[in-house]
Amino acid sequence: MSRVPLPYNQKVLELFRNPKNLGRMEDATVSAVAGNPMCGDMITFYLKIDDEEVIRKASFESYGCAANIATSSILTEMIKNKTLKQAWNVSWKKIVEEIGGLPSIKFHCGILAVGALRRAIRKYYEEKGYTPKWLPKELTFEEKQALEEEELAERLAKRMDGQQ
Amino acid sequence: MIENVEELIKAHEKLEREVYLDIENSSPVPEEVVEAMLPYFTTRGYGNPALTHKPGWEAYEAIMKAAQKIAKYAGAKTPEEIAFTPGETEANNLALIGAALASKAKKKKIVVSEIEPVTILHVAKMLEEKFGCKTVKIPVDAEGFINLENLEEAVDKETLIVSIAAVNPEIGTIQPIKEAAEIVKTRNPNTVFHTDFSDAYGKMKLDFSRTDIDLATISSYKILGPRGVGALYVKQGTKIEKIIEGQIATQKFWPGIENTPLIVGFAKASELMFTDLDKNIGHMRRLRDKLMNGLLSRVSDTLLNGPSGDKRAPDNVNISFLRCEGEALTIELSLKGVYVSSGSACTRRLLQPSHVLTAIGRRFEAAHGSILMKVTRLHTEEDIAYVLKVFPEAVQRIRKIVGSTVVS
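To start, this report covers the structure provided alongside it.

Basis of the calculations
Residues numbered from 1 in each chain as written. Chains lettered and ligands numbered in written order. Predicted model: local features only at pLDDT ≥ 70, side-chain atom pairs only at ≥ 80, totals over all residues. Heavy atoms only, no water. Axes fitted to C-alpha atoms, helices over the stretch in contact; angles between N-to-C directions. Helix = DSSP H or I, 4+ residues; strand = E, 2+ residues; numbered from the N terminus. Parallel < 35°, antiparallel > 145°, perpendicular 65-115°, else oblique. Contact = heavy atoms within 4.5 Å. Nonpolar A, V, L, I, M, F, W, Y, C, P; charged D, E, K, R; others polar. Buried < 20%, exposed > 50% of the residue type's maximum accessible area, 1.4 Å probe, protein only. Buried area = accessible area lost by both parts, 1.4 Å probe. Salt bridge = Lys/Arg side-chain N within 4 Å of Asp/Glu carboxyl O. Polar contact = N/O pair within 3.5 Å; in protein donor to acceptor, adjacent residues only side chain to side chain. Pairing = 2+ DSSP bridges. Right-handed = clockwise from strand over helix to strand, strands pointing away.

Structural notes on the packing of helix 8 (residues 260–274) of chain B against helix 9 (residues 277–298) of chain B
Residues and elements named next belong to chain B.
- In the contact formed by helix 8 and helix 9, the axes pass within 6 Å of each other and the chain directions differ by 80°. Taken together, the axes of helix 8 and helix 9 lie roughly perpendicular to each other. Side by side, helix 8 and helix 9 meet where Leu 272, Met 273 and Phe 274 of the first sit next to Leu 277, Asn 280 and Met 284 of the second.
- Across the contact of helix 8 with helix 9, the residue classes tally to five nonpolar, one polar and no charged.

The structure is reproduced here in structure tokens:
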């Protein structure tokens, strides 16, 4: 095991310094959170969705490292004016590609961003009360990863409380 | 990747001021120290100190004089008690593994506190796994202090070595190290008492010869000496063995050719620190309090990690900024010319945040938002004023990104 430095590229640095689509959206159609502050990694997505199921506005808030902030921000750009189905199909690898690469230790930031977005999309349909055919019944890898992180945090919290 | 780094460095152009506070992880070396070292690279003492020619004798003379100086500052009885190593990690390894190798006992117990530096904890774990030693970790309180009664209970006839850092490098807790050594020796005179003295050397007064301390790790870079050199104080008669094999050297516990220039630099840095030690400590303490109190009063939702006042190392500041992730904050501060480190899992590249912060009861969220800073004798009032000016803005900007995601 060795300790790798984190040579973030210019795009990551720029999105860290001037994140696009940052902030809570008061008139959001749906919002969803993924991650847990205990893991130092948490994202909220806000989506404004029109009647055609097209994302008209997307914004985010993020508690996390520079990669977490940058991947969340770029994802809000990537899904703007996309249908929910198109947005669902954005993979974490595509995010990493779009951002010009990430240190491998930071891939989980992209995975969590996709997990949060898909959670928001599911929530939207749950609230609408119907499930489109393309929406997988089973949780996808990215959603499971988000869930795993949250469960880990809960276990850690319990352990800490037990010690005190 | 190299292009990325070049761009990252370029992003730091036109800084109003640069203040380096990450002394925990490395340090700049002042000109004076470099000047003292230079001749030993180029014109004198470049020989092997164990050999019979002028450049060798010059090297031997320089190393002996360096050992004499450091022995004087550390309160060792003789310069022979100072064993130079390539650094603190190596000195800590030498202490624990060296004692284990020298012991013929069947059952060997190691006693440490749960906030010891990872060099100690990892070595103890290795000795458990490969040598069948047993490690006992004693707990600490909310400020990081060990309880001497717990220590007394933990030491028994099987205890080979006890290792307690005199000053915790992360949260600055000054342990009652003299009393701890006494208690251990009273319980078992054969137990070796080691202390990682890295953050205490040049930050407090203690004469090793007047204590029951057998082994002490001393750091060079933490007093603004060069990296790549350190020392282990080995009290005469202490049973340890060398842990690596090679050409026998003047340093009996570390085979291989001595690095004379680095040893000279280490001694020079010690001299600069210990000449006027009281003044230097006073200066650091003043700046520490300015920085610590300034941040705690200017930024909301903070927690001081470790004790305050005289119970804290004069150079150490460690504060958790809630609703603020540490890696993001270190980058934001870097772009403003303030260089610090964090106990966040992210900057440590590990899944869990600092074991020291969780041991004193900090929740993970608080550990992720922790920032560690150390002031030196060379920092100025202006440096601290600059940090206090830019730090609150940096926290504010990161917290703006967090928004309502985390509610504290």
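Details of the environment of Leu 135 of chain A
All names here are of chain A.
- Relative to the helices and strands, Leu 135 is located in the loop between helix 5 (107–128) and helix 6 (141–163).
- Of the residues examined, Leu 135 reaches a relative accessible area of 7% and is grouped as buried.
- Between the C-alpha atoms of Leu 135 and Ile 121, which are 14 residues apart in sequence, the distance is 9.3 Å.

Section: the interface of chain B and chain A
- Chain B puts 35 residues into the contact, and the matching count from chain A is 39 residues.
- In total, chain B and chain A occlude about 3200 Å² of area from one another, counting both sides; carbon and sulfur atoms represent 63% of this.
- Between the two partners, chain B and chain A, sit one salt bridge.
- Counting the contacts that link chain B with chain A gives 17 residue pairs in polar contact (both at pLDDT 80 or more).
- Here the side of chain B that touches chain A takes five residues from helix 14 (residues 381–402) of chain B, the largest share from any one element.
- Considering only residue class, the side of chain B that touches chain A consists of 15 nonpolar, nine polar and 11 charged.

Some remarks on the pairing of strand 3 (residues 109–113) of chain B
Residues and elements named next belong to chain B.
- With respect to burial, strand 3 is a largely interior element, five of its five residues being buried.
- Covered by surrounding structure in strand 3 are Lys 109, Val 111 and Ser 113 together with Ile 110 and Val 112, the residues of both alternating faces.
- Pairing of strand 3 with strand 4 (residues 134–138), which is carried by five bridges, proceeds in the parallel orientation. Looking at the pairing, Ile 110 lines up with Thr 135 of strand 4.
- Regarding the hand of the β-α-β motif, the stretch spanning strand 3, helix 5 (residues 118–131) and strand 4 is right-handed.
- In the sheet, strand 3 pairs with strand 5 (residues 159–163) via four bridges, with the strands oriented parallel. Paired with Ile 110 across the two strands is Ile 161, which belongs to strand 5.

As for the pairing of strand 6 (residues 192–196) of chain B
Residue and element names in this part refer to chain B.
- Of all five residues making up strand 6, five are buried, and the element is well covered by its neighbours.
- In the sheet, strand 5 pairs with strand 6 via three bridges, with the strands oriented parallel. Residue pairing in the sheet places Ser 163 in a bridge with His 194 of strand 6.
- Between the parallel elements strand 5 and strand 6, the chain passes through helix 7 (residues 177–187) in a crossover that is right-handed.

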